[in-house]
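A closer look at the structure
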Amino acid sequence: ILGFSTPPGRLSMMAFILNALTCALALLYFIRRGKQCLDFTVTVHFFHLLGCWIYNSRFPSTLTWWLVQVVCTALMAAIGEYLCMRIELREIPLSSAPKSNV
């Protein structure tokens with residue numbers, strides 16, 4: 001069903017890409033570490049590969065499926081890491097006041 005020639009194929013590809021973008025936001029809220037974004041992304045897509053393999057009873061062999069998965073993996077990892085790094089690189093507020101009154 002994936003392909004540029006039919007409207008359902010284009011819609012499916014756009015759904016995969018939008019899913020990668022929303023998963024990048026999930027990386028920001030659940031992972032919060034730039035170093036772990038690639039590991040989590042590859043793990044999620046590996047489980048997706050296993051799920052597709054089990055559901056279809058055969059290993060995915062179409063080139064368009066693999067290309068969409070590679071693009072989505074790259075998007076999810078890059079955007080997720082960018083968002084996480086923005087959070088990690090925020091300034092740490094320093095105050096000269098004591099933290100406790102002990």
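Conventions we followed
- Residues numbered from 1 in each chain as written.
- Predicted model: local features only at pLDDT ≥ 70, side-chain atom pairs only at ≥ 80, totals over all residues.
- Heavy atoms only, no water.
- Helix = DSSP H or I, 4+ residues; strand = E, 2+ residues; numbered from the N terminus.
- Rg over C-alpha atoms; globule rule 2.2 N^0.38 Å.
- Buried < 20%, exposed > 50% of the residue type's maximum accessible area, 1.4 Å probe, protein only.
- Contact = heavy atoms within 4.5 Å.
- Areas by Shrake-Rupley, 256 points an atom, 1.4 Å probe, with all protein chains shown as cover.
- Lys, Arg positive; Asp, Glu negative; His and termini not counted.
- Charge placed at Lys NZ, Arg CZ, Asp CG, Glu CD.
- Core = buried A, V, L, I, M, F, W, Y, C linked by side-chain atoms within 4.5 Å.
- UniProt positions renumbered as here; feature names shortened; annotations may be inferred.
- Axes fitted to C-alpha atoms, helices over the stretch in contact; angles between N-to-C directions.
- Parallel < 35°, antiparallel > 145°, perpendicular 65-115°, else oblique.
- Left-handed = near helix turned anticlockwise from the far one by under 90°.
- Nonpolar A, V, L, I, M, F, W, Y, C, P; charged D, E, K, R; others polar.

1. Things to note about the overall build of the chain
- Looking only at helices and strands, one finds 3 helices and 0 strands in the chain.
- Listed N to C, the secondary structure of the chain is α-α-α in terms of helices and strands.
- At 19 Å, the chain has a C-alpha radius of gyration far larger than the 13 Å of a compact globule built from 102 residues.
- Each of the three principal axes of the chain carries a C-alpha extent, and together these read 65 × 25 × 15 Å.
- Expressed as a percentage of the 102 residues in the chain, the buried residues total 25%.
- Contacts in the chain between residues at least 24 apart in sequence constitute 63% of all its contacts with a sequence separation of at least 6.
- Within the structure as shown, the chain displays about 7,900 Å² of accessible surface, and the carbon and sulfur contribution to it stands at 69%.
- Averaging the positions of the 8 positive and the 4 negative side-chain charges in the chain gives two centres separated by 8 Å.

2. Looking at the nonpolar core
- By size, the foremost hydrophobic cluster in this structure holds 12 residues: Leu2, Met13, Ala20, Leu27, Cys37, Leu49, Cys52, Trp65, Val68, Cys72, Met76 and Cys84.
- For this core, the secondary structure elements donating two or more residues are α1 (7–31), α2 (34–56) and α3 (63–88).
- Broken down by element, the residue count for this core peaks at 5 residues, all from α3.

3. A few points about the UniProt feature "transmembrane region" (unreviewed entry) in the chain
- UniProt feature "transmembrane region" (unreviewed entry): in the numbering of this structure it lies at residues 12–31, 38–57 and 63–84.
- Secondary structure across residues 38–57 divides into 95% helix and 0% strand, with the first and last C-alpha atoms of the span separated by 28 Å.
- Helix makes up 100% of residues 63–84 and strand 0%, whereas the separation of the span's terminal C-alpha atoms amounts to 31 Å.

4. Digging into the packing of α2 against α3
- In the contact formed by α2 and α3, the axes pass within 8 Å of each other and the chain directions differ by 155 degrees. The angle between α2 and α3 falls in the class roughly antiparallel. Regarding α2 and α3, the two cross each other, and that crossing is right-handed. Between α2 and α3, the residues in contact are Gly34, Cys37, Leu38, Phe40, Thr41, His45, His48, Leu49 and Cys52 and Trp65, Trp66, Gln69, Cys72, Thr73, Met76, Ala77, Gly80, Glu81, Cys84, Met85 and Glu88, respectively.
- Broken down by class, the residue content of the contact of α2 with α3 amounts to 12 nonpolar, 7 polar and 2 charged.

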